[in-house]
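These are the residues of each chain, in order.
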Amino acid sequence: MMKTFWFRKILLACFPAAVISLPVSGQDIRFTADTRITSEASSQEIMKSDVFAYTALAASGAADAEIPGLLAQLDRAYGQIADSISSETTDSGKAEQTLYQLYAVVLSQYSETQTLVTTALTSGVYNCVSSDILFMYMMKREGIPVVAVETPLHAFCIVQVDGRFVDVETTNPYGFDPGAKKVLSGNSSAQKKYVTVPAKKYAGRHQVDDRRLISLIYNNRMSVLQKQKADYETIGLAVDAMKLQDNSAESFTTLSQAVYNTAVDYSETGKNEDGLALTARAEEIFGEAPLYRVYAAAAVGNILNDGMNRHEYDNAFAVLEKYRPQLNDSDYTEMHDAVLVNSLNYAVSVQPFETAAAAIRNNKSVLSGTNYTKLLSYAYSKAAAATADTGAWLDASALIERGLQELPGSSTLVNQRNVYRRNYAVEIHNKAAALYNAGNKKDALLLIQDGLTRVSDSSILQNDLRRMQGN
């Protein structure tokens, strides 16, 4: 058996009677189950042989016109096998010989990916699932209790015969009671040859009902479609498997994975809104799934990033509100904060200081303390830097002082203010030095003293004053 439906990485609704499809990016997504999956099939853990065979053929993708002929072929195969084992007197002997004769009449070549019962019947190519189903059909016809067993990578059977339970490895004609030594059929008593079929891939085994075994056909078909990059086609098969398994939690998980994978495909081609429409429709019909929230967070995030890269912040907020019902509260809050912070950050870069600062203050109640401080600090810093570029060091420093009244202790503003005050002091020092060197000591001294009235803590000007007063 192929590794079943892989992951790229509950409220259940009833299946609607009307046909429902969702055209997305030119692809029709099927959300209705195959009507050939009858209520009898989906409600019975142990199916009668005719229902079992019919449902397995439908799951294999057989057309309506093909099924009667395939059922007749299956009935003929059973007749041949039954005739060949008529001399067996024990259920154990019947089961063992049925498996051997199944290979003589139907099965011929193993292929890991060949799950379809239709193909197994018509060409003899099989894997563990299709051979399991054919063997179980024969056992049902013989009236021998049989149940399927699933492992993470395999499937086989258990039969109840002669007061004991026996494993049956259906991928081998000698697979009855694997691990036991047995004589190869067709050998004379004088030259006996023996074979032992190992019990492989049996870790993690657990019994499953008929519905689950047939559903493995759907799962393997989905796995093949995934490899063909046709995830959107897996959704209809997942819906079929879900109906067959009577809306089990396991089948719902598979469906949500199929929807998620398809939505991811849309996002990978830039069609995030198509993916969001798909998950929303699936949730509307079948119920919530955690994966849909995971996808929505990524897809909405993609849309918001595209909008914010173009500085379309009003549109970004509109998108966020549109898809809010599909987001977890925590994701919505995080995205809203990100859009708001980016919009205010952009406002600081393009709007006058007072306008941008007012917008920041108006949103103080919804901004985190850290973001509020960073944004307002950036606004003051940018405005002060523009003033400083004109050489007005003290005016720039004064604006920073205003900022420190609102944001006391801001290390960014403190450092920026200190730079501007030092630059002013350096400028006064250089002018005074030029006057002093030209012999105008009086004006140089006055300039230093005036500078100290503005930046009294300047060590540069204090040193200048001491040197000049000492001369």
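Model, not experiment: these values are computed from the prediction. (Residues numbered from 1 in each chain as written. Predicted model: local features only at pLDDT ≥ 70, side-chain atom pairs only at ≥ 80, totals over all residues. Heavy atoms only, no water.)

Novice: I tried to follow the overall build of the chain on my own but got confused; where do I start?
Specialist: Each helix and strand in the chain was counted, giving 19 helices and 10 strands. For 471 residues, the compact-globule estimate of 2.2 N^0.38 gives 23 Å, and the chain exceeds it by more than 25% at 39 Å. Projected onto the principal axes, the alpha-carbon positions of the chain cover approximately 130 × 55 × 35 Å. Sorting the 471 residues of the chain into buried and exposed places 48% on the buried side. Counting 44 positive and 52 negative side-chain charges, the chain places the centres of these two groups 8 Å from one another. (Helix = DSSP H or I, 4+ residues; strand = E, 2+ residues; numbered from the N terminus. Rg over C-alpha atoms; globule rule 2.2 N^0.38 Å. Buried < 20%, exposed > 50% of the residue type's maximum accessible area, 1.4 Å probe, protein only. Lys, Arg positive; Asp, Glu negative; His and termini not counted. Charge placed at Lys NZ, Arg CZ, Asp CG, Glu CD.)

Novice: Help me understand the pattern of salt bridges, please; the structure alone is not making it clear to me.
Specialist: Any two side chains of opposite charge can pair if their charged atoms end up close together. Tallied over the entire structure, the rule returns 21 salt bridges. Here R212 and E150 are joined by a salt bridge, their closest N and O atoms 3.0 Å apart. Of this pair, R212 sits in helix 7 (residues 210-227) while E150 sits in strand 5 (residues 146-151), and the two are 62 residues apart along the sequence. You'll find R212 and E150 in the same group, each marked buried. With a shortest N-O distance of 4.0 Å, R324 and E321 are connected by a salt bridge. Using a relative accessible area of 40% as the deciding quantity, one classes R324 as partly exposed. E321 sits in the partly exposed class, given a relative accessible area of 40%. Look at the salt bridges and you will find they share partners, linking D34, R36 and D64 into a network. (Salt bridge = Lys/Arg side-chain N within 4 Å of Asp/Glu carboxyl O.)

Novice: Sorry, what's going on with helix 7 here?
Specialist: One turn of an α-helix holds 3.6 residues; hence residues three or four places apart share an orientation. Taking 1.5 Å per residue as the helical rise, helix 7 with its 18 residues ought to reach 26 Å, and the 27 Å between its terminal C-alpha atoms agrees with that figure. Two to three positions downstream of the cap, the backbone nitrogen of R211 sits 3.0 Å from a side-chain oxygen, assigning the N-cap of helix 7 to D209. (Expected span 1.5 Å × (residues − 1). Polar contact = N/O pair within 3.5 Å; in protein donor to acceptor, adjacent residues only side chain to side chain.)

Novice: Whenever I open this one, the pairing of strand 7 (residues 164-168) confuses me. Can you help?
Specialist: If a strand is regular, its side chains alternate between the two faces of the sheet. Pairing geometry for strand 6 (residues 154-161) and strand 7, over 5 bridges, is antiparallel. What sits directly across from Q160, in strand 7, is F165. Connecting strand 6 to the next strand, strand 7, in antiparallel fashion are 2 residues, including D162 with a positive phi near 50 degrees. (Pairing = 2+ DSSP bridges.)

Novice: Help me out: how do you make sense of the sheet that holds strand 5 in this one?
Specialist: Hydrogen bonds between backbone groups are what pair the strands of a sheet, and the pairing can be parallel or antiparallel. Across the sheet, which stays open at both edges, the 4 strands sit in the order 7-6-5-10 with antiparallel pairing between neighbours. The outermost strands of the open sheet, each flanked by one partner alone, are strand 7 and strand 10 (206-208). Strand-to-strand, the axes of this sheet are offset by a mean angle of 35 degrees, without reference to chain direction. Each of strand 5, strand 6 and strand 7 is contacted by helix 6 (residues 128-142), which is oriented at about 15 degrees to strand 6, the strand it contacts most. (Axes fitted to C-alpha atoms, helices over the stretch in contact; angles between N-to-C directions. Contact = heavy atoms within 4.5 Å.)

Novice: Mind showing me how you'd approach the confidence of the model for the chain here?
Specialist: Predicted coordinates in regions of low pLDDT should not be interpreted in detail. In the predicted model, the chain carries a mean pLDDT of 89, and the fraction of residues at 70 or more is 90%. Here residues 187-192 is modelled with pLDDT under 50, and outside its nearest four sequence neighbours on either side it reaches 3 contacts, counting other chains as well. (pLDDT = per-residue confidence, 0-100.)

Novice: Just checking my understanding: could you explain the packing of helix 2 (residues 49-59) against helix 3 (residues 67-84) for this structure?
Specialist: Packed helix pairs are characterised by how far apart their axes lie and by the angle those axes make with each other. In the contact formed by helix 2 and helix 3, the axes pass within 10 Å of each other and the chain directions differ by 130 degrees. If you check the angle between helix 2 and helix 3, you find them oblique. Between helix 2 and helix 3 lies a crossing of right-handed hand. The residues of helix 3 that touch helix 2, namely those facing A53, Y54, L57 and A58, are I67, L70, L71 and L74. A breakdown of the residues in the contact of helix 2 with helix 3 according to their chemical character gives 8 nonpolar, no polar and no charged. (Parallel < 35°, antiparallel > 145°, perpendicular 65-115°, else oblique. Left-handed = near helix turned anticlockwise from the far one by under 90°. Nonpolar A, V, L, I, M, F, W, Y, C, P; charged D, E, K, R; others polar.)

Novice: Would you explain the packing of helix 15 (residues 369-388) against helix 16 (residues 393-406) in this entry?
Specialist: As a packed pair, helix 15 and helix 16 sit with axes 8 Å apart at the nearest point and diverge in direction by 170 degrees. Judged by the inter-axis angle, helix 15 sits roughly antiparallel to helix 16. Residue-level inspection shows Y372, L376, Y380, S381, A383, A384, T387 and A388 of helix 15 in contact with helix 16, the latter providing W393, D395, A396, L399, I400, R402, G403 and E406. Of the residues contributing to the contact of helix 15 with helix 16, the split by class is 10 nonpolar, 3 polar and 3 charged.

Novice: Help me out: how do you make sense of the pairing of strand 5 in this one?
Specialist: Burial analysis of strand 5 places 5 of its 6 residues in the buried class, which makes it a mostly covered element. The sheet contact formed by strand 5 and strand 6 spans 6 bridges and is antiparallel. By the bridge assignment for strand 6, A148 is matched with C157. Joining the antiparallel neighbours strand 5 and strand 6 is a turn of 2 residues. As paired strands, strand 5 and strand 10 are joined by 3 bridges and run antiparallel to one another. Each residue of the ladder has a partner; that of A148, found in strand 10, is V208.

Novice: Just checking my understanding: could you explain the environment of D210 for this structure?
Specialist: Counting through the fold element by element, D210 comes out in helix 7. D210 sits in the buried class, given a relative accessible area of 3%. Taking the C-alpha atoms as reference, D210 lies 106 Å from A438; in sequence the two are 228 residues apart. Discounting chain neighbours no more than four positions away, the residues touching D210 are E45, I46, M47, F52, M136 and K140.

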